[in-house]
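Remarks on the overall topology
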Amino acid sequence: MQAGSVGFPAPDVKFSVLESNSRSAKKCIMSEIRKIGICTGGGDCPGLNAVIRAVVKTAILKYRFEVIGIHDGFDGLIWPEKSHSLTLEDVSGILPRGGTILGTTNRGNPFAYCVNDCEQEKVHDYSDKVVQNARTMGLDALIVVGGDGTQKIGLELGQKGLPVVGVPKTIDNDLSATDVTFGFDSAIHVATDAIDRIHTTAEAHHRVMIVEVMGRDAGWIALHAGIAGGAHVVLIPEIPFTIASVCSFINQRHIFGKKFTIISLAEGVKIPDEIRRDCIQRYGSIPKEISVGSLIGEAIGQCARKEVRVTVLGHTQRGGSPSPADRILSTRFGVAVVDLIAQHGFLKMVALRGDKVVFVDIADAIGKAKAVDPQGELVNAARAIGIHFGEE
Ligand code: F6P
């Protein structure tokens, strides 16, 4: 189906040209926006409600648009009865709340929607239905708040004619189009607080304590929280490490009288070969039910002959109230994305560059993960203060 084929303007058709009767001068006006939708897709993160609040306030107070809350990601456009109008009253008091009042899902790709059981290949393409339902609901634009996967779906719906705009989110901070995503700062606060708390008990027991943090394939949370929390070792996917190197560092610390060591570990680290081999010998593969922290902790315990404890922070990093910095960034993104709609900037996404909120093409923003630079300023600053990355 071509862009615009279900009644929306094609994404590149932004103006209609009117002839003025009096002077026959040509005047460009934008087709009127009256009603906009907003959905949150993928994993939740602190700040989503702050975006929703800013969108609703800006849309109603500044532009007099009606806002429709689409529930559970794109599900609310497959089953539109889930969706409803959002009023100022609906968003009152939600600024400090975690989660999302709209609900979300990371299993709701309308292009490949699994019904009942994917193994039975009940996969449906509901994308035309989504576009058609948005049209029936009278949506002049749809705000998609989500990470890389959700923005990709948004773009594909946009290519089918849905006037989509994006707001990036993820605690992982791994989107290259924006300097920072909201949710990241809140996650670092949780992880830093955990490392702070682990310090006293690690020191009291002369233990090696591993704090495993989220971040998917990127080491941003582990690096930032490691520096902020004063971890001694930071292990991230971007820097290969060996157990022998980590253990030799732990032993050096011991010789210098520091009998405890704190390790900030990213969940996405590459498992060293010796652990991989050992797992295959013992279990036939890398067991999914054992955390990477436990696997690495066991290997370190044997090699360094130290007591090791592992804390997996998991979803605590995504839950709870957004930090002040995340509330502010979410609010700026929410305001900017409504301004973007008012300018008919479809298929674009808001992003932070330096101290400015800018608009970028969604097509340019997706599929490019932002990784920690192993030779970057931040890693080198960490090295300068003695943080060990486990390199050989
Ligand atoms: O992308 C955000 C994130 O929290 C990752 O850091 C983590 O690996 C993943 O989502 C967890 O996803 P789920 O909530 O589906 O377990």
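Residues numbered from 1 in each chain as written. Predicted model: local features only at pLDDT ≥ 70, side-chain atom pairs only at ≥ 80, totals over all residues. Heavy atoms only, no water.

1. Regarding the sheet that holds strand β12 (residues 261–266)
The strand order across the open sheet built from 4 strands is β11-β12-β10-β13, with neighbouring strands paired in parallel fashion. Edge strands, defined here as strands with exactly one partner in the open sheet, are β11 (233–235) and β13 (308–312). Neighbour to neighbour, the strand axes of the sheet diverge by 20 degrees on average, direction disregarded. Here helix α5 (residues 184–205) sits on the sheet in contact with β10 (208–213), β12 and β13, set at roughly 170 degrees to β10. With respect to the sheet, helix α7 (residues 243–255) is in contact with β10, β11 and β12, its orientation differing from that of β12 by roughly 155 degrees. (Pairing = 2+ DSSP bridges. Helix = DSSP H or I, 4+ residues; strand = E, 2+ residues; numbered from the N terminus. Axes fitted to C-alpha atoms, helices over the stretch in contact; angles between N-to-C directions. Contact = heavy atoms within 4.5 Å.)

2. Description of the pairing of strand β15 (residues 356–361)
Here strand β14 (residues 348–353) runs beside β15; their pairing, made up of 6 bridges, is antiparallel. Residue arginine 353 lies in a different strand from β15, and its bridge partner there is lysine 356. Linking two consecutive strands that pair antiparallel, namely β14 and β15, is a turn of 2 residues; a positive phi of about 60 degrees is found at glycine 354 within it.

3. Digging into the domain arrangement of the protein chain
For the protein chain, the domain assignment lists domain 1 (14–174 + 322–354) and domain 2 (184–318 + 373–384). The C-alpha-based centres of domain 1 and domain 2 are spaced at 37 Å. Counting residues at the interface gives 13 residues for domain 1 and 13 residues for domain 2. Surface buried jointly by domain 1 and domain 2 totals about 1,100 Å² across both partners, of which 50% is contributed by carbon and sulfur atoms. Among the residues of domain 1 in contact with domain 2, Ile171, Asp172 and Asn173 are the three that bury the most area, contributing 50% of the side total. Here domain 1 and domain 2 share 2 salt bridges between them. Taken together, domain 1 and domain 2 are joined by 5 residue pairs in polar contact (both at pLDDT 80 or more). Residues belonging to the side of domain 1 that touches domain 2 are distributed by class as follows: 5 nonpolar, 4 polar and 4 charged. (Domains from an automatic or database assignment. Buried area = accessible area lost by both parts, 1.4 Å probe. Salt bridge = Lys/Arg side-chain N within 4 Å of Asp/Glu carboxyl O. Polar contact = N/O pair within 3.5 Å; in protein donor to acceptor, adjacent residues only side chain to side chain. Nonpolar A, V, L, I, M, F, W, Y, C, P; charged D, E, K, R; others polar.)

4. Describing the site of the ligand
Taken together, Asn106, Ile171, Asp172, Met214, Gly215, Arg216, Glu267, His315 and Arg318 form the complete shell of residues around the ligand. At 3.1 Å from an oxygen atom of the ligand is found a main-chain nitrogen or oxygen belonging to glycine 215. Note that an oxygen atom of the ligand is positioned 3.0 Å from one of the side-chain N or O atoms of arginine 216. Protein contact buries 73% of the 400 Å² of open area that the ligand shows by itself. The cavity where the ligand resides is the largest pocket. Here the residues of the shell around the ligand are counted per class, giving 2 nonpolar, 3 polar and 4 charged. (Near = heavy atom within 4 Å. Areas by Shrake-Rupley, 256 points an atom, 1.4 Å probe, with all protein chains shown as cover. 1 Å grid on protein atoms, 1.4 Å probe; cavity = no way out; pocket = protein on both sides within 12 Å on 5 of 7 lines; lining within 4 Å. Sits in = over half its atoms within 2 Å of the grid points.)

5. Structural notes on unusual backbone geometry
Phi angles above zero are rare outside glycine, and aspartate 72 is one such case at about 55 degrees. Topologically, aspartate 72 is positioned in the loop between β4 (66–69) and α2 (75–78). Residue aspartate 72 is classed as partly exposed on the basis of its relative accessible area, which comes to 23%. Its identity as a non-glycine residue notwithstanding, arginine 216 has a phi of 55 degrees, on the positive side. With respect to the secondary-structure elements, arginine 216 resides in the loop between β10 and α6 (220–229). (Buried < 20%, exposed > 50% of the residue type's maximum accessible area, 1.4 Å probe, protein only.)

6. Some details on the packing of α5 against α6
At a minimum axis distance of 8 Å, the contact between α5 and α6 shows a crossing angle of 50 degrees. Taken as axis vectors, α5 and α6 run oblique relative to one another. The interaxial crossing formed by α5 with α6 has right-handed handedness. Of the residues in α6, those in contact with Phe184, Ala187, Ile188, Ala191, Thr192, Ile195, Asp196 and His199 of α5 are Trp220, Ile221, His224, Ala225, Gly226, Ala228 and Gly229. (Parallel < 35°, antiparallel > 145°, perpendicular 65-115°, else oblique. Left-handed = near helix turned anticlockwise from the far one by under 90°.)

7. Digging into the nonpolar core
Grouped together as the largest cluster of nonpolar side chains are 87 residues, with contacts concentrated most on Ile36, Ile143, Ile296 and Ile300. No other element matches the 8 residues that α5 contributes to this core. Counting only domains with at least three residues in this core, you end up with domain 1 (14–174 + 322–354) and domain 2 (184–318 + 373–384). Sequence-distant contacts of isoleucine 296, that is, excluding residues within four places in its chain, are made with Ile210, Phe241, Ile243, Leu265, Val269 and Ile275. (Core = buried A, V, L, I, M, F, W, Y, C linked by side-chain atoms within 4.5 Å.)

8. Things to note about the side chain of threonine 181
Locating threonine 181 in the fold gives a position in the loop between β9 (164–168) and α5. For threonine 181, the residues in contact, after removing those within four places along its chain, are Pro168, Lys169, Thr170, Asn173, Leu175, Asp326 and Leu329.

9. A short note on the layout of surface pockets
Rolled over the atoms, a probe with the dimensions of a water molecule shows which regions are left empty. Reported here for the largest pocket is a volume of approximately 680 Å³. Forming the boundary of the largest pocket are 32 residues, of which Gly42, Gly43, Asn106, Lys169 and Arg216 lie nearest the centre. Tallied by class, residues from the lining of the largest pocket come to 6 nonpolar, 15 polar and 11 charged. Residue assignment places the lining of the largest pocket across two domains, with domain 1 (14–174 + 322–354) and domain 2 (184–318 + 373–384) each supplying three or more. (Points joined across faces, edges and corners; volume = space filled by probe spheres on them.)

10. Here we look at empty space enclosed by the protein
Within this structure, the stated rule accounts for 1 cavity of 30 Å³ or more. Roughly 30 Å³ of internal volume is contained in the largest cavity. Looking at the lining of the largest cavity, its residues break down into 5 nonpolar, 1 polar and 1 charged.

11. With respect to the packing of aromatic side chains
Taken as a whole and assessed by the stated rule, the structure comprises 5 aromatic pairs. Here tyrosine 63 and phenylalanine 65 contribute two aromatic rings whose centre-to-centre distance is 5.1 Å and whose plane-to-plane angle is 15 degrees, an arrangement assigned as stacked. For tyrosine 63, a relative accessible area of 25% puts it in the partly exposed group. A residue is classified by how much of its surface remains accessible, and phenylalanine 65, at 7% relative accessible area, is buried. When the ring of tryptophan 79 is compared with that of tyrosine 113, the centres are 5.5 Å apart and the planes differ by 70 degrees; the resulting orientation is edge-to-face. Taken as a pair, tryptophan 79 in the loop between α2 and β5 (84–86) and tyrosine 113 in strand β6 (residues 113–114) lie far apart in primary sequence, 34 residues in all. In this structure tryptophan 79 comes out as partly exposed when scored by relative accessible area, which is 29%. Each member of the aromatic cluster is reached from another via a ring pair, and the members are Trp79, Tyr113 and Tyr126. (Phe/Tyr/Trp six-rings, centres within 6.5 Å; stacked < 30°, edge-to-face > 60°.)

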